[in-house]
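Take a look at the letters that make up each chain.
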Amino acid sequence: MIKLENFLKKYGFIILVLGFKFNVLGFFFYVESLETAYLLEFAGQDKIEKLESKRQLYDAIVNSVLILDAAIVLFLIYYGIRKALK
């Protein structure tokens, strides 16, 4: 089994870069979600369904980014406590 310390030494920077890119993508979808919500106020009845489905997709992506970020923070807290107790 691969030890966590060796894995983080080897691939830590790559994981950090991918996490940053994922957060930037989440921010992009958050902005798109705000624009879609703004357009819903002025859209005609025929475009409302399309914009609503687009908004729900963007909200789901933003929520998944927030959940992943929370999981990463909890993991870092666990890892820090584990290292401090050794």
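Fair warning: this is a prediction, and the values are worked out from it, not measured in the lab.

J.: Just to check I follow, could you spell out the pattern of salt bridges for this structure?
T.: When the charged atoms of two side chains lie near each other, side chains of opposite charge can form a pair. Using the criterion set out here, one finds one salt bridge in the structure. In this structure, Glu-52 engages Arg-55 in a salt bridge whose closest nitrogen and oxygen atoms are separated by 3.9 Å. Taken as a pair, Glu-52 and Arg-55 lie in helix 2 (residues 45-85) at a separation of three residues, close to a single helical turn. We classify Arg-55 as partly exposed; its relative accessible area is 30%.

J.: Hey, could you run me through the packing of helix 1 (residues 4-42) against helix 2 in this one?
T.: In a packed pair of helices, the relevant descriptors are the angle between the two axes and the axis-to-axis distance. With their axes 8 Å apart at the nearest point, helix 1 and helix 2 run at an angle of 150° to one another. What the angle tells us is that helix 1 and helix 2 run roughly antiparallel. As helix 1 runs across helix 2, the sense of the crossing is left-handed. Partitioning the contact of helix 1 with helix 2 into residue classes produces 17 nonpolar, five polar and nine charged.

J.: Would you mind going over the environment of Arg-82 with me for this structure?
T.: Tracing the backbone shows Arg-82 in helix 2. A relative accessible area of 28% places Arg-82 in the partly exposed class. Separated by 16 residues in the primary sequence, Arg-82 and Leu-66 have C-alpha atoms spaced 24 Å apart. For Arg-82, the residues in contact, after removing those within four places along its chain, are Leu-4 and Glu-5.

J.: I keep staring at helix 1 and nothing clicks. Help me out?
T.: Maximum bend of helix 1: about 65°, positioned at Tyr-11. Those residues of helix 1 not exposed but buried are Glu-5, Gly-26, Phe-29, Ser-33, Thr-36 and Leu-40.

J.: So what exactly am I meant to see when it comes to a nonpolar patch on the surface here?
T.: On the surface, a cluster of nonpolar side chains totalling about 460 Å² of accessible area is made up of Phe-7, Tyr-11, Ile-14, Ile-15 and Leu-18. Inspection of the secondary structure puts Leu-18 in helix 1. Given the relative accessible area of 54%, Leu-18 is considered exposed.

J.: Teacher, can you tell me more about the environment of Glu-41 here?
T.: Summarising the element assignment, Glu-41 is placed in helix 1. For the pair formed by Glu-41 and Ile-15, sequence separation is 26 residues and the distance between their alpha carbons is 40 Å.

J.: Would you mind going over the packing of aromatic side chains with me for this structure?
T.: For any pair of aromatic rings, the description consists of the separation of the ring centres together with the inter-plane angle of the planes. Across all of its chains, the model carries three aromatic pairs by this definition. Centre to centre, the rings of Phe-28 and Phe-29 are 5.4 Å apart; their planes meet at 65°, and the pair counts as edge-to-face. Classification of Phe-28 by relative accessible area gives partly exposed; the value is 44%. On the basis of relative accessibility, which here comes to 16%, the residue Phe-29 falls in the buried class. Relative to Tyr-79, the ring of Phe-75 lies with its centre 6.0 Å away and its plane at 20°, an arrangement referred to as stacked. Note that Phe-75 and Tyr-79 are positioned in helix 2 at a spacing of four residues, about one turn of the helix. An aromatic cluster is defined as three or more aromatic residues linked by ring pairs; in this entry it consists of Phe-28, Phe-29 and Tyr-58.

Conventions we followed
Residues numbered from 1 in each chain as written. Predicted model: local features only at pLDDT ≥ 70, side-chain atom pairs only at ≥ 80, totals over all residues. Heavy atoms only, no water. Salt bridge = Lys/Arg side-chain N within 4 Å of Asp/Glu carboxyl O. Helix = DSSP H or I, 4+ residues; strand = E, 2+ residues; numbered from the N terminus. Buried < 20%, exposed > 50% of the residue type's maximum accessible area, 1.4 Å probe, protein only. Axes fitted to C-alpha atoms, helices over the stretch in contact; angles between N-to-C directions. Parallel < 35°, antiparallel > 145°, perpendicular 65-115°, else oblique. Left-handed = near helix turned anticlockwise from the far one by under 90°. Nonpolar A, V, L, I, M, F, W, Y, C, P; charged D, E, K, R; others polar. Contact = heavy atoms within 4.5 Å. Bend = angle between axes of the 7 residues up to and from the residue. Patch = residues over 30% accessible without salt bridge, like charges linked within 9 Å, V, L, I, M, F, W, Y side chains within 5 Å. Areas by Shrake-Rupley, 256 points an atom, 1.4 Å probe, with all protein chains shown as cover. Phe/Tyr/Trp six-rings, centres within 6.5 Å; stacked < 30°, edge-to-face > 60°.

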